[in-house]
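# Working through the structure, step by step
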Amino acid sequence: DMKVTQMPRYLIKRMGENVLLECGQDMSHETMYWYRQDPGLGLQLIYISYDVDSNSEGDIPKGYRVSRKKREHFSLILDSAKTNQTSVYFCASSLGGRAEQFFGPGTRLTVL
Amino acid sequence: QQQVRQSPQSLTVWEGETAILNCSYENSAFDYFPWYQQFPGEGPALLISILSVSNKKEDGRFTIFFNKREKKLSLHIADSQPGDSATYFCAASGGATGGNNKLTFGQGTVLSVIP
């Protein structure tokens, strides 16, 4: 069953707290992504990972960092969250290249 | 800057009509254009895609028309159904900067199909 999972689905944090968003996939995909989605802006790429410990900045990496220690897991970390990081975060995975990206169900993060 | 633009922001059609969603891009190096469909509360899912070497791609009721010279493409949804009500994202990739892995998404078009 090809699936991308995200935990948690909903999260409320206070400004300055640390945030950990987790993503898993069961397709052995090499490439994984973190996006954020805001109304009117579509999906913006935060980080892309080409494999374990092989991560690259996307278009909006500032304020975020990632960790990929196993091929099937990709974490997004916000150190000292800010209110403007309130958003819906999506993780995706693919075989790379022009292969289809499979998205998880998203995490809705609210930073108060 | 918004490298991929979509119009309209929202579109309402009657069941059975053809919905036309538009997309334009700026980077002439883009050569792969997927369309993703997203239902509320879910992640996007690939609907149909086209390479810049083609000017048309069909998959059932969904057709992409591509104009490389004008850097425009459109998604036509024939015989629209209420179940097609969703947000549709045009995306693009290619070129030296982005390569093939990195997709640039448009801001989306919200389609509502009225029974």
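Note: the structure precedes this text.
### Points about the state of the cysteines
The full count for this structure, using the stated rule, is two disulfides over all chains. Shown here is the disulfide that connects C23(A) with C91(A), its sulfur atoms set 1.9 Å apart. Between C23(A) and C91(A) the sulfur-sulfur dihedral comes to about -75 degrees; the bridge is accordingly left-handed. Taken together, the residues C23(A) in strand β3 (residues 19-25) and C91(A) in strand β9 (residues 87-94) connect sequence positions 68 residues apart. This pair shows no difference in class: C23(A) is buried, exactly as C91(A) is. The disulfide bridge from C23(B) ends at C90(B), spanning 2.0 Å between sulfur atoms. Measuring the twist about the S-S bond at about -70 degrees, one finds the C23(B)-C90(B) disulfide to be left-handed. Within this pair, whereas C23(B) is found in strand β3 (residues 19-25), its partner C90(B) is found in strand β9 (residues 86-92), the two being separated by 67 residues in sequence. The class of C90(B) is buried, set by a relative accessible area of 0%.

### Observations regarding the pattern of salt bridges
A side chain with one charge may pair with a side chain of the opposite charge, provided their charged atoms come close. All names here are of chain A. Inspection of the entire model under this criterion finds ten salt bridges over all chains. Residue R71 is joined to E30 by a salt bridge in which the shortest nitrogen-to-oxygen separation is 3.7 Å. Of this pair, R71 sits in the loop between β7 (65-70) and β8 (73-78) while E30 sits in the loop between β3 and β4 (31-38), and the two are 41 residues apart along the sequence. What makes E30 partly exposed here is its relative accessible area of 37%. Residues D53 and K69 are paired through a salt bridge, measuring 2.9 Å at the closest nitrogen-oxygen approach. You can see D53 sitting in the loop between β5 (42-51) and β6 (54-57) and its partner K69 sitting in strand β7, a full 16 residues away along the chain. In this structure K69 comes out as exposed when scored by relative accessible area, which is 57%. Overlapping salt bridges, with partners in common, bring together E30, D51 and R71 in one network.

Thresholds, definitions, all that
- Residues numbered from 1 in each chain as written.
- Chains lettered and ligands numbered in written order.
- Predicted model: local features only at pLDDT ≥ 70, side-chain atom pairs only at ≥ 80, totals over all residues.
- Heavy atoms only, no water.
- Disulfide = S-S within 2.5 Å.
- Helix = DSSP H or I, 4+ residues; strand = E, 2+ residues; numbered from the N terminus.
- Buried < 20%, exposed > 50% of the residue type's maximum accessible area, 1.4 Å probe, protein only.
- Salt bridge = Lys/Arg side-chain N within 4 Å of Asp/Glu carboxyl O.

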